[in-house]
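A structural walkthrough
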Amino acid sequence: LSAMPLDEIRVHHGSARFRGERATTGLAREVSDYNLVVKRDGVGIVAKLDFSVPGRKGTQRIEGRVDTKSGDMRLKVRLDQLPLAPYAAILPSNVYVHSNSALHDTQLQVVVNRKDRTIAVDGSAALSHLDVRAPRISRHLLADLNLRGQGRLTLDLAREMVRLSKGEASVGKLTALIDGSVLRYRTAPAFDLHVKVPTVDCQDVVDSLVPNVAPMLIGMSCHGSASLRLNLGLDTKDMRSLKLEYKPLLRKVEIDSLGKYIRFDVLQRPFEHHTRQKDGTLYTFVTGPGSERWTTMEALTEHMPKVVTTTEDGSFFWHKGFSLNQIRSAFITNLLRGRFVRGASTISQQVVKNLFFVEFEKTLARKLQEAVITWQMERTLEKAQILELYFNIIEFGPQIYGIRAAASHYFNRPPSDLTLLQSIWLGSIIPNPKAFYHQFTKGTVKASWQKYLCWIGGVMRKREKITDAERARLGSCHVVFGGGTDGSEKPEDEGLGHDAAVDANGDPVPGANATGDDKPLPPPKARPPAPDAARRAPPRPSKRKQAPSVADDEQP
């Protein structure tokens, strides 16, 4: 620009087209009539672009100035009721516009300081009637969005820092205040994020999010108000530096209805349960109280609840549906591995996911819907009811759903007769039962997995969920499929039975056993002491499969 051999350039009633514009838009292909002025101003160059939109009031303006000596630049943008259809070709491919899609109430200022190597964008903007496809947010198209935002975004190239201050983002009537920064964004980023959602009516939140983000909650109604504070800090040089604070504040929030798709009353009687298989087919079975395959808590071995509240959700009986400690720990694990290897769902969340969602999905929208339903379920059902649902619907293998089917398939016995070791093994495969099914088909459990089972037993002992004797009976944790004994069974009472010799007063005769022999009963065989497994680090069960983590809320 500084070498431009002219002092001024003017364009009147100009028009422009985009090369490579999408041919399927079916919309206007030219930029609206515009006027452009570019001229010298001292040591700088000033440019001003004005254009109008046929049938719309107001003038759109972009103006700026470049200092040809310092390289500094200042740009001002003012747009109002600007239709987006004519500019569809230059929008991201995941953004879809309609004839009424528009950018309005937009005022932006861009300042470039070449000496300090900073770029600052300050102002506000609003978009209406926009469709966006964002797979990480939702598997569904986010349709007819109305978005607003403002704040100051600074890019510091010298310090490798991006900072957002006084940020504000709104969807419908829901507003979030955002401040944060990213340091060392090119090498090892360090994140610092603070989000605050001011007090908002519960129904306003539903109306703003449900139609696009939470289709399973369409028709939901509630009253009361809520606010939220979220603080997140992470230095990627040390993933364990993660700081996560989540402080929701609910003021007399009550959910009147979760909509037409979510009802808890149907769970009190037999109901159909649907699950999607890997081949895309839908597997359906009938369960629920009163059904043939239903198992009550009274008909279940006492070991299974102790196992799953060790391996899956250590704070189940204390939390209200969610565990911040599990979320933080899973976050760290996934960051350290660089991929998703572990979830943070509580037992309550797993029940909701299995009951009401057929399709497999890892999106923000799914987590939001699960959270709302889980919160209401915890307020509607007792913990025992939730746990009972859990044991009757979770998967234990290919088309093996529920503890009754699992106990019969693997060990040829009812759920009430499962031994401690059998219970531990069943609990250990819950995170990925199809992947661990090969243990059953081969008829043996690898030594590495046996060590993992023993480690779980050691943790249970340390938490006083089992006794020293029970831990000792686990031995080397050799699992026996098909119904055979594995050594962890509770031994029958050793002593006088109902056929023991008694005297005239009905008292047992010393030295006489149940067979009438006068020989004293032999002492029970000594058993090896239990290994101090609780102090050992969990062994690697396999190089190919990742063992599930013990719930971090109770980690030793």
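None of these values were measured; they are calculated from a predicted model.

Details of the packing of helix α2 (residues 303-311) against helix α6 (residues 383-393)
Relative orientation of the contacting elements α2 and α6 amounts to 90°, with a least axis distance of 12 Å. With respect to each other, α2 and α6 are oriented roughly perpendicular. Mapping the contact onto sequence places M304, P305 and V308 in α2 and L387, Y390 and F391 in α6. Here the contact of α2 with α6 is composed, by residue class, of six nonpolar, no polar and no charged.

What about the pattern of salt bridges?
All chains considered together, the criterion is met by 17 salt bridges. The partner of E361 in a salt bridge is R139, with the nearest N and O atoms 3.8 Å apart. In this pair, E361 is assigned in the loop between α4 (347-356) and α5 (364-380) and R139 in the loop between β8 (118-132) and β9 (142-156), connecting sequence segments 222 residues apart. Note on E361: relative accessible area 15%, which makes it buried.

Re the environment of E245
Position of E245 relative to the elements: it lies in strand β14 (residues 238-257). A relative accessible area of 38% places E245 in the partly exposed class. In this structure the C-alpha to C-alpha distance between E245 and L232, which are 13 residues apart in sequence, comes to 6.6 Å. Ignoring sequence-local partners within four residues, the contact set of E245 consists of R229, L230 and N231.

Structural notes on the state of the cysteines
Inspection of every chain in the model, using the stated rule, returns two disulfides. Two residues, C202 and C222, share a disulfide whose sulfurs are 1.9 Å apart. The S-S bond linking C202 to C222 shows a torsion near -110°; that makes this disulfide left-handed. Residue C202 is located in helix α1 (residues 202-213), and its partner C222 is located in strand β13 (residues 221-235); the two are separated by 20 residues in the primary sequence. Neither residue differs from the other here; C202 and C222 are each classed as buried. One disulfide bridge connects C454 with C477, the sulfur atoms lying 2.3 Å from each other. A torsion of 130° about the S-S bond marks the disulfide between C454 and C477 as right-handed. Taken together, the residues C454 in helix α10 (residues 447-462) and C477 in the segment after α11 (468-473) connect sequence positions 23 residues apart.

Let's talk about the nonpolar core
Counting residues in each nonpolar core, the largest one holds 68 residues, and the members touching the most others are V351, Y390, F396, Y410, W425 and L426. Element by element, the count of residues in this core is highest for α10, at eight residues. Counting residues in hydrophobic clusters, the runner-up holds 25 residues, among them A88, L142, V195 and L209.

Considering unusual backbone geometry
Phi is positive for D144, which is not a glycine, with a value near 50°. Among the structural elements, D144 can be located in strand β9. Among the residues examined, D144 registers a relative accessible area of 42% and is labelled partly exposed. The backbone phi angle of N412 is positive, close to 55°, even though this residue is not glycine.

A few points about the packing of aromatic side chains
Scanning the entire structure with this criterion turns up 19 aromatic pairs. Summarising the aromatic geometry, the rings of Y410 and F481 are spaced 6.4 Å apart at their centres and angled 45° between planes, so their arrangement reads as tilted. Taken together, the residues Y410 in helix α7 (residues 403-411) and F481 in the segment after α11 connect sequence positions 71 residues apart. A relative accessible area of 14% means that F481 is categorised as buried. One residue, R293, lies across the ring of F285, its end atom 4.3 Å from the ring centre.

Considerations on the packing of α4 against α5
Viewed as axis vectors pointing N to C, α4 and α5 meet at an angle of 110°, and their least axial separation amounts to 9 Å. Classified by the angle between their axes, α4 and α5 sit roughly perpendicular to one another. You can see that α4 and α5 cross each other, and the crossing is right-handed. In contact with S348, Q349, V351, V352, K353 and F356 of α4, α5 contributes R366, E370, I373, T374, M377 and E378. Considered class by class, the residues forming the contact of α4 with α5 number five nonpolar, three polar and four charged.

A few points about α5
Compared with an ideal rise of 1.5 Å per residue, which puts 17 residues at 24 Å, α5 spans 24 Å between its outermost C-alpha atoms and is within 8% of the ideal. Residues of α5 that are buried include every one of A365, R366, Q369, E370, I373, T374, Q376, M377 and E378, and no others. Looking at the buried residues of α5, the elements they touch are α1, β14, α4 and α6.

Description of the side chain of T309
Turning to its location among the elements, T309 is positioned in helix α2. Judged by relative accessible area, T309 falls into the buried class, the value being 6%. At 2.6 Å, the side chain of T309 and the backbone oxygen of P305 are in polar contact. In this structure the side chain of T309 is engaged in a polar contact, spanning 3.3 Å, whose partner is the backbone oxygen of K306.

Here we look at the confidence of the model for the protein chain
Scored by pLDDT, the protein chain comes out at a mean of 83, with 80% of its residues at no less than 70. At the level of individual helices and strands, the protein chain shows its lowest average pLDDT in helix α3 (residues 324-337), which scores 63, and its highest in helix α8 (residues 420-428), which scores 97. Overall, residues 551-556 carries pLDDT values under 50, and its contacts beyond four positions in sequence, including any with other chains, amount to 25 contacts.

Things to note about the side chain of Q439
The topology assignment puts Q439 in helix α9 (residues 438-442). We classify Q439 as buried; its relative accessible area is 4%. Contact partners of Q439, with chain neighbours within four places excluded, come to W425, T444, V445, W449 and F481.

Looking at the environment of L177
With respect to the helices and strands, L177 occurs in strand β11 (residues 174-183). Separated by 52 residues in the primary sequence, L177 and R229 have C-alpha atoms spaced 9.6 Å apart. The contact partners of L177, leaving out residues within four places of it in the chain, are G167, E168, H194, V195, K196 and P198.

What about the pairing of β11?
Inspection of the sheet shows strand β10 (residues 161-171) paired to β11 by nine bridges, in the antiparallel sense. By the bridge assignment for β11, V162 is matched with V182. Pairing of β11 with strand β12 (residues 190-201) involves seven bridges; the strand directions are antiparallel. If you follow V182 over to β12, its bridge partner there is F191.

About the thresholds
- Residues numbered from 1 in each chain as written.
- Predicted model: local features only at pLDDT ≥ 70, side-chain atom pairs only at ≥ 80, totals over all residues.
- Heavy atoms only, no water.
- Axes fitted to C-alpha atoms, helices over the stretch in contact; angles between N-to-C directions.
- Helix = DSSP H or I, 4+ residues; strand = E, 2+ residues; numbered from the N terminus.
- Parallel < 35°, antiparallel > 145°, perpendicular 65-115°, else oblique.
- Contact = heavy atoms within 4.5 Å.
- Nonpolar A, V, L, I, M, F, W, Y, C, P; charged D, E, K, R; others polar.
- Salt bridge = Lys/Arg side-chain N within 4 Å of Asp/Glu carboxyl O.
- Buried < 20%, exposed > 50% of the residue type's maximum accessible area, 1.4 Å probe, protein only.
- Disulfide = S-S within 2.5 Å.
- Core = buried A, V, L, I, M, F, W, Y, C linked by side-chain atoms within 4.5 Å.
- Phe/Tyr/Trp six-rings, centres within 6.5 Å; stacked < 30°, edge-to-face > 60°.
- Lys NZ or Arg CZ within 6 Å of the ring centre and 35° of its normal.
- Left-handed = near helix turned anticlockwise from the far one by under 90°.
- Expected span 1.5 Å × (residues − 1).
- Polar contact = N/O pair within 3.5 Å; in protein donor to acceptor, adjacent residues only side chain to side chain.
- pLDDT = per-residue confidence, 0-100.
- Pairing = 2+ DSSP bridges.

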